[in-house]
Amino acid sequence: MNKQAPEIIDSLEDWTRTHDCGSLRSEDVGKEALLMGWVNGRRDLGGLIFIDLRDREGMTQIVFDPNESPDCHASAQLLRNEWVLAVKGQVTHRLEGQENRELPTGEVELKAHEIKLLNQAETPPFQVDGIVDASETLRLKYRYLELRRPRVFDLFRKRHAMATAIRSYLNEMGFIEVETPFLTKSTPEGARDYLVPSRVNRGMCYALPQSPQLFKQILMVAGFDRYFQIVRCFRDEDLRADRQPEFTQVDLEMSFSDEEHVMTLFEGMMSKLFKSILGIEIKIPLPRLTYREAMDRYGTDRPDLRFGMTIRDISDLASQSDFNVFRRAIGEGGLVAAVVVKGGAESFSRKALDEFAGTITQYGARGLAWIKIKEDGWQSPIAKFFLPGLQESLAGFLGADPGDLVLIVADRPAVVRESLGKLRLEVARIMEIVNENSHALAWVTRFPLFEFNETEKRLTAVHHPFTAPLEEDLDLLKTNPEEARARAYDLVLDGAEIGGGSVRIHNIRVQKEVFRILGISPDEARAKFGFFLEALRYGAPPHAGMALGFDRLVAIFCGVKSIREIIAFPKTTSATCPLTDAPSRVDERQLLELGLSLQPDFV
Ligand code: ASP
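To start, this report covers the structure provided alongside it.

Analysis parameters
- Residues numbered from 1 in each chain as written.
- Predicted model: local features only at pLDDT ≥ 70, side-chain atom pairs only at ≥ 80, totals over all residues.
- Heavy atoms only, no water.
- Helix = DSSP H or I, 4+ residues; strand = E, 2+ residues; numbered from the N terminus.
- Contact = heavy atoms within 4.5 Å.
- Core = buried A, V, L, I, M, F, W, Y, C linked by side-chain atoms within 4.5 Å.
- Buried < 20%, exposed > 50% of the residue type's maximum accessible area, 1.4 Å probe, protein only.
- Near = heavy atom within 4 Å.
- Polar contact = N/O pair within 3.5 Å; in protein donor to acceptor, adjacent residues only side chain to side chain.
- Areas by Shrake-Rupley, 256 points an atom, 1.4 Å probe, with all protein chains shown as cover.
- Nonpolar A, V, L, I, M, F, W, Y, C, P; charged D, E, K, R; others polar.
- Patch = residues over 30% accessible without salt bridge, like charges linked within 9 Å, V, L, I, M, F, W, Y side chains within 5 Å.
- Salt bridge = Lys/Arg side-chain N within 4 Å of Asp/Glu carboxyl O.
- Pairing = 2+ DSSP bridges.
- Axes fitted to C-alpha atoms, helices over the stretch in contact; angles between N-to-C directions.
- Lys, Arg positive; Asp, Glu negative; His and termini not counted.
- Phe/Tyr/Trp six-rings, centres within 6.5 Å; stacked < 30°, edge-to-face > 60°.
- Disulfide = S-S within 2.5 Å.

**Looking at the environment of Val-554**
Inference 1: One can find Val-554 in helix 16 (residues 550-558).
Inference 2: Counting along the chain gives 396 residues from Val-554 to Lys-158, while the straight-line C-alpha distance between them is 7.7 Å.
Inference 3: Those residues within four positions of Val-554 in sequence are excluded, and the remaining contacts are Arg-159, Met-162 and Ile-566.

Put into structure tokens, the structure is as follows:
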């Protein structure tokens, strides 16, 4: 018997694929087929040899019979996982009882007559098609092996389908895709810039764009009217688990329009995406909450609306109790608020409730009060502070019935809202209240224009400095700027902010006023955005826009937890790329050309 592995052929000669590895069905039985793909696994049963051949579309079982094609069978004995093959054969039914119901091709197999070896492969560092318990670094180093799995490929097919649907929708709506520079000047989205030193202009740097914000506004001044771009943005932030230093936005801007136009446009886009990708009809117009309402009811500006359990202000009733903690909080201008966990009385032990109390200390809360409503009254450490009549009033006000659990926090309003907002999510997670296949989209509007930055001791822009104030709050810019609200809107999906935008300032006077409030001096403004301020002088039309975080949206549509799964070559949480080993040291010569030298600590 020939024990030599078949020779690797250099050209496909006249061999052309007739099918992919996911497409043969019982209707094809009797046909000749030619497949190409990777060896996913080999089973040698003494007589017959079976090979699962894999490509991005799926897997087909190939059978090698020594009686029918002895040469082919002999070659098959030497094949290894991940070798690349071309196989000619006849489609046959699998033997009765041998069908694989899990595989779409599982009723058939290909009886091989002839094979060509297209390439060999080293033994992979982890099994390509199996449960991977390899470390993230190893998986990213060999990311191409992970991407080789059909179910991983499917994520990218979906990503592509979403990008295609978005492009075609925006095209229909009269938007044109325009590329904007990557080598540019800093854009003020509030993160640190990635800098690129210039060789030709020594001592100077470009910044990679945090977003195309200024360019898209300038395109409006240019009369482009409707711009979009599916574009990479770069932000040098400390990485949290699910952040990437470079990420993709669906970025757009439209002229002669306001928040209504932008929101309607995105509702149309969402409705199309949900329908075409997930087969879900969403109801539009989407619900809208003001920032204030979102904070009051959900304790966050990105509420998960897939379930209720809203935060209720119970300060009035709490002030009638004898519980000092409540009375003191109210006396100090604080808030007493509650969430009702329907049917939660039996779900949480005292220990679990103590753990909740521990959890919310990280948001500044000093304690958690709880009430288990029972048929025969309250079971609660604070029951004794509420006279029976007051107990009923509170339960009645909250709509709490026997079997329910009430969680209460008393503190500064911001602490109360954040703590209850986080508990609400935690309780929903533990009780599995949310159906993972359900989705809830909503707009959050009227954000504050500015917020006080404790470290810098000054006001900063909540969205970015080009966001227009609400018309009715314009006067506040002079008197109480921190109370002014913005014509900004965020799109929230299942508790994640997936996009945001605003009506822009197109009036240079208002823009200057905003810079003044932000403590940006005229000189600094000129140095940083002089080009933009100048453009605003040349007939800027009213305009508004928005950007959608495409990676997060794809991850939600794919039902995966991390955006890293739907980025072909993601970075680790320490911003490295194990595949290419970036970032890496560069030649001394390159540094010299750039006029750079490293500080001794970094050499
Ligand atoms: N440039 C903004 C961002 O990246 C989006 C916008 O205002 O259009 O968040």
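**Digging into the nonpolar core**
Inference 1: One finds Leu-170, Met-270 and Leu-548 to be the most contacted residues of the largest nonpolar core, which totals 82 residues.
Inference 2: In contact with Leu-170, not counting residues within four places along its chain, are Phe-175, Phe-228, Val-250, Leu-252, Leu-265 and Met-269.
Inference 3: The next biggest cluster of nonpolar side chains, apart from the first, holds 26 residues, and it includes Phe-307, Val-341, Val-427 and Ala-428.

**Overview of the site of the ligand**
Inference 1: Lining the immediate surroundings of the ligand are 14 residues, of which Glu-189, Gln-213, Lys-216, His-463 and Arg-504 lie closest.
Inference 2: One of the side-chain nitrogen or oxygen atoms of Arg-235 is found 3.0 Å away from an oxygen atom of the ligand.
Inference 3: Between the ligand and His-463 there is a distance of 2.9 Å, counted from an oxygen atom to a side-chain nitrogen or oxygen.
Inference 4: Protein chains shield 91% of the accessible area of the ligand, which is 270 Å² for the free molecule.
Inference 5: Secondary structure elements with two or more residues in the shell around the ligand: helix 5 (213-221), strand 21 (496-503) and strand 22 (543-549).
Inference 6: When residues of the shell around the ligand are assigned to their parent elements, the largest contribution, three residues, is made by strand 22.
Inference 7: Grouping the constituent residues of the shell around the ligand by class yields two nonpolar, eight polar and four charged.

**Structural notes on a nonpolar patch on the surface**
Inference 1: A grouping of Tyr-144, Phe-569 and Leu-579 is seen on the molecular surface, where their side chains present a nonpolar patch of about 290 Å² in accessible area.
Inference 2: Secondary-structure assignment places Tyr-144 in helix 3 (residues 143-147).

**A look at the sheet that holds strand 13 (residues 335-341)**
Inference 1: One open sheet holds the five strands; their spatial order is 12-13-16-14-15, and the pairing between them is antiparallel. Only two strands of the sheet have a single partner each, and these edge strands are strand 12 (312-313) and strand 15 (377-379).
Inference 2: Pairing geometry for strand 13 and strand 16 (residues 405-411), over seven bridges, is antiparallel. Within strand 16, the position partnered with Val-339 by the bridge is Leu-407.
Inference 3: Sheet strands touched by helix 12 (residues 413-430): strand 13 and strand 16. Its angle to strand 16, the strand with the most contacts, is close to 155°.

**Comments concerning the side chain of Asp-490**
Inference 1: Note that Asp-490 resides in strand 20 (residues 488-493).
Inference 2: For the buried residue Asp-490, which engages in no salt bridge, the nearest side chain bearing the opposite charge is Arg-302, 7.6 Å off.
Inference 3: Aside from chain neighbours lying at most four places away, what touches Asp-490 is Ala-442, Trp-443, Val-444, Phe-447, Glu-497, Gly-499, Gly-500 and Gly-501.

**Focus on the packing of aromatic side chains**
Inference 1: Evaluation of the coordinates by the stated rule reveals 14 aromatic pairs.
Inference 2: Measuring from centroid to centroid gives 5.2 Å for Phe-182 and Phe-234, while their planes differ by 85°, and the two rings are edge-to-face. Of this pair, Phe-182 sits in the loop between strand 6 (176-177) and strand 7 (195-197) while Phe-234 sits in strand 9 (residues 226-234), and the two are 52 residues apart along the sequence.
Inference 3: Residue Phe-182 is classed as partly exposed on the basis of its relative accessible area, which comes to 37%.
Inference 4: Taking the relative accessible area as the measure of exposure, Phe-234 reaches 10% and is therefore buried.
Inference 5: Ring centres of Phe-466 and Phe-529 lie 5.5 Å apart, and the angle between their planes is 85°; on these two criteria the pair is classed as edge-to-face. Of this pair, Phe-466 sits in the loop between strand 19 (458-461) and helix 13 (476-479) while Phe-529 sits in helix 15 (residues 522-536), and the two are 63 residues apart along the sequence.

**Side note on the side chain of Thr-467**
Inference 1: Mapped onto the fold, Thr-467 is located in the loop between strand 19 and helix 13.
Inference 2: The class for Thr-467 is buried, based on a relative accessible area of 1%.
Inference 3: In terms of polar contacts, Thr-467 uses its side chain to reach the backbone carbonyl oxygen of His-464, at 3.2 Å.
Inference 4: Reaching out from Thr-467, the side chain makes a polar contact with the side chain of Ser-502 at a distance of 3.1 Å.
Inference 5: Beyond its immediate sequence surroundings of up to four residues, Thr-467 is in contact with Leu-449, Ala-486, Arg-487, Ala-488, Ser-502, Val-503 and Ile-505.

**Focus: the sheet that holds strand 1 (residues 32-44)**
Inference 1: The five strands lie next to each other as 1-2-3-5-4, forming a closed barrel whose pairing is mixed. Neighbour-to-neighbour, the strand axes of this sheet turn through a mean angle of 55°, independent of strand direction.
Inference 2: The sheet contact formed by strand 1 and strand 2 (residues 49-55) spans six bridges and is antiparallel. Bridged to Gly-41 within strand 2 is Asp-52.

**Brief notes about the pairing of strand 22**
Inference 1: Counting buried positions along strand 22 yields six of seven residues, so the element is predominantly enclosed.
Inference 2: As defined by bridge partners, strand 21 adjoins strand 22 across five bridges and the pair is classed as antiparallel. By the bridge assignment for strand 22, Gly-499 is matched with Leu-548.

**Some details on the state of the cysteines**
Inference 1: Scanning the model with the defined rule gives zero disulfides in all.
Inference 2: The thiol sulfur of Cys-205 is not disulfide-bonded, and the nearest other cysteine sulfur, from Cys-233, lies at 20 Å.
Inference 3: In this model Cys-577 remains outside any disulfide bridge; the closest cysteine sulfur is found in Cys-233, 19 Å from its own.
Inference 4: Here Cys-577 falls in the buried class, since its relative accessible area comes to 9%.

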